[in-house]
Amino acid sequence: MGTGFAGNIIVVGVCGSIAAFKVAGWVSTLAKEEARVPVVMTDSAQKFITPLTFAALTGESVYTSMFADEHSGAMSHIELAQEASVFLIAPASAQTIARLAHGFADDLLSTAVLATRAPVIVCPAMNTRMYQHRATQDNLSRLRQLGYTVVDPESGLMACKDEGPGRLVEWESVQEVLWRSLRSLDLQGEQVLVTAGPTREPIDPARFISNRSSGKMGYALARAAYRRGADVVLVSGPSTLNCPYGVRRIMVETAAEMFEAVCREFEKATILVKSAAVSDFRPAVQHEHKVKKKNGAPALELVRNPDILYEIGRKKRKPGQLVIGFAAESENLEMEGKRKLQRKNLDMIAVNDISGSDTGFEADTNRLILLTGDETIELPLLSKSETADRIFDVLKEKFRSSPLS
Ligand code: CTP
């Protein structure tokens with residue numbers, strides 16, 4: 001996946017927690033991706049991991065004291081604060097969270113955070129009971145009020161053998177929050193509804209009709225929209241993919257369930273992108289028990305599923321509400337796309353060539369033709385995540401020349 005961190009100054013504040021060693025891995029990744037990663041360590045952080053570790057990983061001075069003058073050529077704490085693209089505090093201890101919540105400036109990290117106007121991301125990690133204590137929860141609420149992003153810890157077995165929330169969040173999630181903090185949030189205010197994956201139409205408890213959709217394109221769209229500041233709902237058919245960070249996912253199985261979820265969620269949506277590969281047909285009868293072979297090969301009668309996009313396209317839309325469809329085609333791409341654009345009353349359709357191995361189902365790349373009422377835009381072969389961004393670029397340019405009121 002593309003990085004996007006290069007050239008940014010990501011100041012990492014490390015506090016006293018056993019999870020500090022995990023952050024060494026994060027810092028190493030960021031440094032490899034050519035971000036500058038100055039590390040600030042609190043006194044107790046240095047009990048768990050040495051400044052030398054971070055200095056070796058980043059090639060930068062590590063900041064441990066407000067008054068130290070040993071960093072010749074290093075930034076002062078005020079420079080650190082001013083130069084930072086973003087502050088990432090991880091692991092954030094209960095003590096540092098309390099300091100920041102009350103605006104203290106009694107160590108280098110809290111002082112630098114007060115002096116910065118860059119986004120601040122706080123990743124708590126501590127014992128479950130410390131985390132759940134009212135005092136810590138109140139402090140975290142205060143940090144949210146101050147505009148800091150708090151990335152909730154995960155639940156699990158802790159180093160101290162307690163079980164519950166308090167484990168430092170995984171890098172995959174932090175990376176998403178970092179991305180969102182570094183890029184311009186040009187989809188802020190948008191409520192994006194994405195559908196993804198196949199549907200499954202049961203024959204009996206063991207068998208179903210489905211298709212080869214992996215959900216990769218839809219998940220990439222949901223992820224891209226979140227990173228660009230949108231509120232995102234993902235209605236997904238069965239897929240092995242993890243829910244993208246920050247996205248509300250609704251899992252469905254059949255076309256009927258997807259129809260129901262999309263109609264409900266469309267009420268609040270400003271943009272619907274319908275990339276799911278919905279089964280057009282379902283078995284007329286769903287057998288309650290497994291069909292046995294001793295009875296001979298059964299005839300499989302199929303009936304039509306609702307065309308969700310067509311039904312949505314027919315509805316009266318709110319001002320500014322956009323509907324974007326996909327078309328999976330193996331021939332006459334543009335002609336088929338235009339036909340579906342009109343018939344389903346869409347603002348845009350993305351035509352997908354499913355005949356190649358580097359495009360369409362299961363592939364990590366895609367080559368789309370985007371059709372609007374008056375324009376045809378051919379995208380080159382791109383990763384699905386770049387393709388997703390290009391779709392939103394075109395949407396912004398064509399339909400959102402002035403911000404949503
Ligand atoms: N779609 C839908 N509900 C269906 C079938 C399709 O909402 N029952 C949506 C898909 O999510 C996609 C678009 O319609 O955005 C086009 O899907 P596609 O399978 O390419 O087209 P169909 O409408 O099924 O047309 P055809 O069978 O003629 O190719």
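Residues numbered from 1 in each chain as written. Predicted model: local features only at pLDDT ≥ 70, side-chain atom pairs only at ≥ 80, totals over all residues. Heavy atoms only, no water.

**Looking at a positive patch on the surface**
Positive charge collects at one region of the surface, where Lys290, Lys292, Lys293 and Lys294 lie side by side. Considering the arrangement of structural elements, one finds Lys292 in the loop between strand 15 (281–283) and strand 16 (302–304). (Patch = residues over 30% accessible without salt bridge, like charges linked within 9 Å, V, L, I, M, F, W, Y side chains within 5 Å. Areas by Shrake-Rupley, 256 points an atom, 1.4 Å probe, with all protein chains shown as cover. Salt bridge = Lys/Arg side-chain N within 4 Å of Asp/Glu carboxyl O. Lys, Arg positive; Asp, Glu negative; His and termini not counted. Charge placed at Lys NZ, Arg CZ, Asp CG, Glu CD. Helix = DSSP H or I, 4+ residues; strand = E, 2+ residues; numbered from the N terminus.)

**Some points on the site of the ligand**
Close contacts around the ligand come from 15 residues, with Lys274, Ala276, Phe326, Lys340 and Lys344 the closest. A distance of 3.5 Å separates a nitrogen atom of the ligand from a polar atom in the side chain of Asp307. The separation between an oxygen atom of the ligand and a polar main-chain atom of Leu309 is 2.9 Å. Among the elements that line the shell around the ligand, the one with the most residues is strand 17 (residues 322–329), at 4 residues. Looking at the shell around the ligand, its residues break down into 8 nonpolar, 1 polar and 6 charged. (Near = heavy atom within 4 Å. Polar contact = N/O pair within 3.5 Å; in protein donor to acceptor, adjacent residues only side chain to side chain. Nonpolar A, V, L, I, M, F, W, Y, C, P; charged D, E, K, R; others polar.)

**Section: the domain arrangement of the chain**
Each assigned domain of the chain is listed with its residue range as follows: domain 1 (10–182) and domain 2 (191–283 + 301–399). Between the C-alpha centres of domain 1 and domain 2 the distance comes to 38 Å. Of the residues lining the interface, 6 residues belong to domain 1; the matching set on domain 2 comes to 6 residues. Contact between domain 1 and domain 2 buries roughly 670 Å² in total, counting both sides, with carbon and sulfur atoms accounting for 53%. Our count for the domain 1 to domain 2 interface comes out at 2 salt bridges. For Glu176, the salt bridge is made with Arg223, and the minimal N-O distance between the two is 3.6 Å. Across the domain 1-domain 2 interface, the total number found is 3 residue pairs in polar contact (both at pLDDT 80 or more). Along the lines of polarity and charge, the residues of the side of domain 1 that touches domain 2 split into 3 nonpolar, 1 polar and 2 charged. (Domains from an automatic or database assignment. Contact = heavy atoms within 4.5 Å. Buried area = accessible area lost by both parts, 1.4 Å probe.)

**Some thoughts on the nonpolar core**
Trp26, Leu88, Cys123 and Leu178 are the most contacted members of the largest nonpolar core, which totals 64 residues. Here this core gets 8 residues from one element, more than from any other, and that element is helix 10 (residues 216–227). Here this core spans two domains, since at least three of its residues come from each of domain 1 (10–182) and domain 2 (191–283 + 301–399). The contacts of Trp26, once residues within four sequence positions are left out, are Leu88, Ala90, Cys123, Leu168, Val169, Glu170, Trp171 and Val174. Counting residues in each nonpolar core, the second largest holds 28 residues, with Ile89, Leu108, Tyr131 and Leu140 among its members. (Core = buried A, V, L, I, M, F, W, Y, C linked by side-chain atoms within 4.5 Å. Buried < 20%, exposed > 50% of the residue type's maximum accessible area, 1.4 Å probe, protein only.)

**What about the sheet that holds strand 2 (residues 39–41)?**
Taken in spatial order, the 6 strands line up as 3-2-1-4-5-6 in an open sheet, and their pairing is parallel. Both edges of this open sheet fall to strand 3 (62–63) and strand 6 (149–150), since each of them pairs with a single strand only. Seen against the sheet, helix 5 (residues 94–101) touches strand 4 (86–92) and strand 5 (120–124) and runs at an angle of roughly 140 degrees to strand 4. On top of the sheet, helix 6 (residues 108–115) reaches strand 1 (10–14), strand 2, strand 3, strand 4 and strand 5; it is set at about 145 degrees to strand 4, its chief contact. (Pairing = 2+ DSSP bridges. Axes fitted to C-alpha atoms, helices over the stretch in contact; angles between N-to-C directions.)

**Observations regarding the environment of Glu331**
Turning to its location among the elements, Glu331 is positioned in the loop between strand 17 and helix 13 (333–343). Spatially, the C-alpha atom of Glu331 lies 41 Å from that of Leu178, the residues being 153 residues apart in sequence.

**Observations concerning the pairing of strand 12 (residues 231–236)**
Taking burial as the measure, the 6 residues of strand 12 include 5 buried ones, the bulk of the element. By the bridge criterion, 4 bridges tie strand 12 to strand 13 (residues 248–251) in an arrangement that is parallel. Each residue of the ladder has a partner; that of Ser236, found in strand 13, is Met251.

**Some remarks on unusual backbone geometry**
Cis rather than trans, the peptide bond between Ala90 and Pro91 has omega equal to -10 degrees. Relative to the elements of secondary structure, Pro91 occurs in strand 4. Located in the positive-phi region is Glu34, a residue other than glycine, with phi close to 70 degrees. Turning to its location among the elements, Glu34 is positioned in the loop between helix 1 (20–32) and strand 2. Its identity is not glycine, yet Asn332 carries a phi of approximately 50 degrees, on the positive side. Within the element layout of this structure, Asn332 appears in the loop between strand 17 and helix 13. When its relative accessible area of 46% is taken as the criterion, Asn332 is described as partly exposed.

**Comments concerning the packing of aromatic side chains**
The description of an aromatic ring pair uses the distance of the two centres, along with the angle that the planes make with each other. By the definition in use, this model includes 3 aromatic pairs. A ring pair is formed by Phe5 and Trp179, whose centres lie 5.1 Å apart and whose planes are at 20 degrees; its orientation type is stacked. Here Trp179 lies in helix 9 (residues 171–182) and Phe5 lies in the segment before strand 1, a separation of 174 residues in the sequence. Pair check on accessibility: Phe5 and Trp179 agree, each one buried. (Phe/Tyr/Trp six-rings, centres within 6.5 Å; stacked < 30°, edge-to-face > 60°.)

**Examining the pattern of salt bridges**
Applying the stated rule across the entire model yields 27 salt bridges. Of the charged contacts, one joins Asp186 and Arg228 as a salt bridge, the two residues approaching to 2.9 Å between their closest N and O atoms. Separated by 42 residues along the polypeptide, Asp186 in the loop between helix 9 and strand 9 (191–196) and Arg228 in the loop between helix 10 and strand 12 bring together distant segments of the chain. For Asp374, the salt bridge is made with Lys398, and the minimal N-O distance between the two is 3.1 Å.

**Concerning the side chain of Asp347**
Tracing the sequence through the fold places Asp347 in the loop between helix 13 and strand 18 (348–353). In terms of polar contacts, Asp347 uses its side chain to reach the backbone amide nitrogen of Val323, at 2.8 Å. Among residues more than four places away in sequence, those in contact with Asp347 are Arg317, Gln321, Leu322, Val323, Leu341, Leu371, Thr372, Gly373 and Phe399.

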